[in-house]
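Residues per chain are reported as follows:
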Amino acid sequence: MDSKVYELMNDQIKHEFYSAYMYLSMSAFCETENLPGFASWLKVQAAEEQEHALKFYEHLLDRGQKVNLKAIEQPPVKFASVKEVFEQVYAHEQKVTALINNIYMAALEAKDAASQIFLQWFITEQVEEEKNSSAILDMVTKLGSSVGGLYQLDHQLGKRKGD
Ligand code: FEO
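A word on the layout of surface pockets
The volume enclosed by the largest pocket comes to roughly 270 Å³. As for the largest pocket, its lining consists of 13 residues, of which H15, Y18, E73, H92 and K95 are closest to the centre. Contributing elements (two or more residues each) for the lining of the largest pocket: α1 (3–32) and α3 (82–109). Here the element with the most residues in the lining of the largest pocket is α3; it accounts for six residues. Looking at side-chain class alone, the lining of the largest pocket contains seven nonpolar, three polar and three charged residues.

Shown next as structure tokens:
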């Protein structure tokens, strides 16, 4: 396997686990704000991120590569509001999209067809991830200081189930 594609994929395991850690931290914040629906949505998201990490982990092992797990940074723990949380979620997903695209470009350069096919799932997934987080950010922004609206949205988000 091309060494650049390998390094980027090995690092991506850490990035996906970091995403899980960050969303769990945000989930805990929402619990303390008495927004259980937001908290639950973020917890489901955190679980999905762990699955993303494991997809890279398994792909490397399937290709006969070593997995070198790296240290995961501390995520943010303080947030001013749920709006700030979703500003960060959306910005984070945009960063992850750039990381995935970068791995894909490296796989193209390396003529690594198996990695290109593997990464297609993530490219599609990132379109969803950005769409969902930007939609929630938009709703939270429009609600402004409407507490009633926020509780309604909280109820709606609480319906999200894991896969
Ligand atoms: Fe694993 Fe939210 O992207």
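Notes on empty space enclosed by the protein
All told, the structure shown has one cavity of 30 Å³ or more when counted by the stated rule. Of the pockets and cavities examined, the largest cavity occupies roughly 40 Å³. Around the largest cavity, the lining residues are Y23, W41, Q45, V89, E93, E129, N132, S133 and R160. Breaking the lining of the largest cavity down by element, the ones donating at least two residues are α2 (36–62), α3 and α4 (113–143). Tallying contributions element by element places α4 first for the lining of the largest cavity, with three residues.

A short note on the environment of E49
Assignment of secondary structure puts E49 in helix α2. Owing to a relative accessible area of 2%, E49 belongs among the buried residues under this scheme. Distance from E49 to M22, taken between C-alpha atoms, is 10.0 Å for residues 27 residues apart in sequence. When near neighbours in sequence (up to four residues on either side) are disregarded, E49 contacts E16, S19, A20, Y23, E93 and E129. At 3.1 Å, the side chain of E49 and the side chain of H52 are in polar contact.

With respect to a nonpolar patch on the surface
On the surface, L54, Y57, L61 and L69 cluster together to form a nonpolar patch covering roughly 360 Å² of accessible area. Relative to the helices and strands, Y57 resides in helix α2.

Regarding the side chain of E129
With respect to the element layout, E129 can be found in helix α4. Here E129 sits buried without a salt bridge, and the closest side chain of opposite charge, R160, lies 5.3 Å off (N-O distance). Beyond its immediate stretch of four places on either side in the chain, E129 contacts Q45, E48, E49, H52 and E93.

Reading the values: rules and limits
Along each chain, residue indices are assigned from 1 in the same order as the chain's sequence is written. Residues qualify for local features only when their pLDDT is at least 70, as the model is predicted, and side-chain atom pairs are given and counted only at 80 or more; totals for whole chains, interfaces and linings, by contrast, use all residues. Hydrogens and water are ignored here; the side-chain numbers use all heavy atoms of the structure. Of the grid points, spaced at 1 Å and generated over the protein atoms alone, those admitting a 1.4 Å probe that cannot get out make up cavities, while open sets with protein on both sides within 12 Å along at least five of seven lines make up pockets; any residue with an atom within 4 Å of a point is treated as lining. Grid points are joined across faces, edges and corners, and a volume is the space filled by probe spheres set on the points. Every helix listed is a DSSP run of H or I at least four residues long, and every strand listed is a run of E at least two residues long, numbered separately from the N terminus. Residue classes follow a fixed rule: Ala, Val, Leu, Ile, Met, Phe, Trp, Tyr, Cys and Pro count as nonpolar, while Asp, Glu, Lys and Arg count as charged, and any other residue, Gly among them, counts as polar. For every residue, the accessible area obtained with a 1.4 Å probe (protein chains only) is divided by the maximum for its type, and the residue is called buried under 20%, exposed over 50%, and partly exposed between those limits. Here a residue-residue contact requires only that any non-hydrogen atoms of the pair lie within 4.5 Å. Nitrogen and oxygen atoms within 3.5 Å of one another constitute a polar contact, given that in protein one can donate a hydrogen and the other can accept it, and given that sequence-neighbouring residues count only through two side-chain atoms. Patch building starts from residues that exceed 30% relative accessible area and form no salt bridge, then joins like charges within 9 Å and nonpolar side chains (Val, Leu, Ile, Met, Phe, Trp, Tyr) within 5 Å. Note that accessible areas follow from Shrake-Rupley with a 1.4 Å probe, and for residues the cover is restricted to the protein chains shown. What counts as a salt bridge is simple: a side-chain nitrogen of Lys or Arg found within 4 Å of a carboxyl oxygen of Asp or Glu. Charged residues are defined here as Lys and Arg on the positive side and Asp and Glu on the negative side; His and the ends of the chain fall outside this count.

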